[in-house]
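Observations on the model geometry
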Amino acid sequence: MSAAAQPRRTRLVRALAAVGTGVAVLALPLIGATGASAATGTTTTAATTTAGYPNNLDGWIRESLAIMAEKHIPGTYNGIYRNIIRESSGNPNAINLWDSNAAKGIPSKGLLQVIDPTFNAYHVAGTSFNIYDPVANITAACNYAAARYGSIDNVFGAY
């Protein structure tokens, strides 16, 4: 290795070590908090939906898929997930207050950004009538997408 390359490589190694150390320091409080919780003898479990699925994006999609299978509504996990991330970034309380629907007084709401008339028309029996309910929103949106596009899997943009 040339003498000129030696200092540059050393600086790079030191910089990477410093960054790695910083990341480890940032992670320590998280690790410590987990350890402290276990040390007290308390256990925490993830909240679940009434159907027993995890109360998070993964659980909402899986619960919706189970309902969709019962009702013969086509769609896959990947198709639902892709559209949720594009439409709401996974926020079940998302609301669009700037597009043409909002200008008409019917903003898009929830994980898959459904407007009230569409949600009501494609609501799936057995799910909540609350448009912000993640499972009801996903299932109604997938029911609509199935009727209009054949499946949520065929939706690659605003629908």
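A quick note: this is a predicted structure, and the numbers were derived from the prediction, not measured.

Conventions used here
- Here, residues in each chain are numbered from 1, in the same order as that chain's written sequence.
- Local features in this predicted model are restricted to residues whose pLDDT is 70 or higher, and side-chain atom pairs enter the listing and the counts only when it is 80 or higher, whereas totals over whole chains, interfaces and linings include all residues.
- Derived side-chain values reflect all non-hydrogen atoms in the structure, with water molecules and hydrogen atoms excluded from consideration.
- We call Phe, Tyr and Trp rings a pair once their centres come within 6.5 Å, taking the six-membered ring for Trp, and we label the pair stacked below 30 degrees between planes, edge-to-face above 60, and tilted otherwise.
- Each helix is a run of DSSP H or I of at least 4 residues and each strand a run of E of at least 2, with the numbering of both proceeding from the N terminus.
- For the exposure calls, accessible area comes from a 1.4 Å probe over protein chains only, and a residue counts as buried if that area is under 20% of its type's maximum, exposed if over 50%, partly exposed in between.
- To obtain an axis, a line is fitted to C-alpha atoms, over the contacting stretch when the element is a helix, and the angle between two such axes runs from 0 to 180 degrees between their N-to-C directions.
- Here the angle decides the label: under 35 degrees means roughly parallel, over 145 means roughly antiparallel, 65 to 115 means roughly perpendicular, and every other value means oblique.
- Each helix crossing is assigned a hand: it is left-handed if the near helix lies turned anticlockwise from the far helix by less than a right angle, otherwise right-handed if that turn is clockwise.
- Contacts between residues were defined by any pair of non-hydrogen atoms, one from each residue, lying within 4.5 Å.
- Following the grouping adopted for this structure description, the nonpolar residues are Ala, Val, Leu, Ile, Met, Phe, Trp, Tyr, Cys and Pro, the charged ones are Asp, Glu, Lys and Arg, and the polar ones are all others, Gly among them.
- We count a salt bridge whenever a side-chain nitrogen from Lys or Arg sits within 4 Å of a carboxyl oxygen from Asp or Glu.
- As a per-residue quantity, pLDDT reports the predictor's confidence and falls between 0 and 100.

1. Here we look at the packing of aromatic side chains
- Inspection of the entire model under this criterion finds 4 aromatic pairs.
- Pairing Tyr-77 with Tyr-81 gives two aromatic rings, centres 6.3 Å apart and planes at 10°, and the pair type is stacked. Remark: Tyr-81 and Tyr-77 occur in helix H3 (residues 77–88); sequence separation between them is 4 residues, near one turn of the helix.
- Taking the centre distance of 6.5 Å and the plane angle of 85° together, the rings of Tyr-144 and Tyr-149 count as edge-to-face.
- Take Tyr-144: its relative accessible area is 12%, and that puts it in the buried class.
- Accessibility expressed as a relative area gives 31% for Tyr-149, which makes it partly exposed.
- Ring pairing ties together the aromatic residues Tyr-122, Tyr-144, Tyr-149 and Tyr-159, which thus form one cluster.

2. With respect to unusual backbone geometry
- Phi angles above zero are rare outside glycine, and His-72 is one such case at about 60°.
- With respect to the helices and strands, His-72 occurs in the loop between helix H2 (57–71) and H3.
- Positive phi values are uncommon outside glycine, yet Ser-89 reaches one of about 60°.
- Mapped onto the elements of the fold, Ser-89 is located in the loop between H3 and strand E1 (95–96).

3. Regarding the packing of H2 against helix H6 (residues 134–149)
- Running from N to C, H2 and H6 point in directions that differ by 50°, and their axes come no closer than 9 Å. Classified by the angle between their axes, H2 and H6 sit oblique to one another. H2 and H6 meet at a crossing whose hand is right-handed. Residue-level inspection shows Trp-60, Ile-61, Glu-63, Ser-64, Ile-67 and Met-68 of H2 in contact with H6, the latter providing Pro-134, Val-135, Ile-138, Thr-139 and Cys-142.
- Taken together, the residues of the contact of H2 with H6 sort by class into 8 nonpolar, 2 polar and 1 charged.

4. Some words on the packing of H2 against H3
- Interaxial distance between H2 and H3 falls to 10 Å at its minimum, and their mutual angle equals 130°. Between H2 and H3, the angle falls in the class oblique. When the axes of H2 and H3 are compared, the crossing they make is right-handed. From H2, Leu-57, Asp-58, Ile-61, Arg-62, Leu-65 and Met-68 reach across to H3, where they touch Tyr-77, Ile-80, Tyr-81, Ile-84 and Ile-85.
- Tallied by class, the residues present in the contact of H2 with H3 amount to 9 nonpolar, no polar and 2 charged.

5. Topic: the pattern of salt bridges
- Using the criterion set out here, one finds 3 salt bridges in the structure.
- Across the pair Arg-62 and Asp-58 runs a salt bridge whose closest N-O atoms are separated by 2.9 Å. Separated by 4 residues within a single helix, Arg-62 and Asp-58 lie in helix H2, roughly one turn from each other.
- Here Asp-58 falls in the partly exposed class, since its relative accessible area comes to 29%.
- Of the charged contacts in the structure, one is a salt bridge between Lys-109 and Asp-116, with a shortest N-O distance of 3.0 Å.

6. Observations regarding the confidence of the model for the protein
- Here the protein averages 81 in pLDDT, and 71% of its residues register 70 or above.
- Here residues 1–6 scores under 50 on pLDDT; set against residues more than four positions off or in separate chains, the count is 2 contacts.

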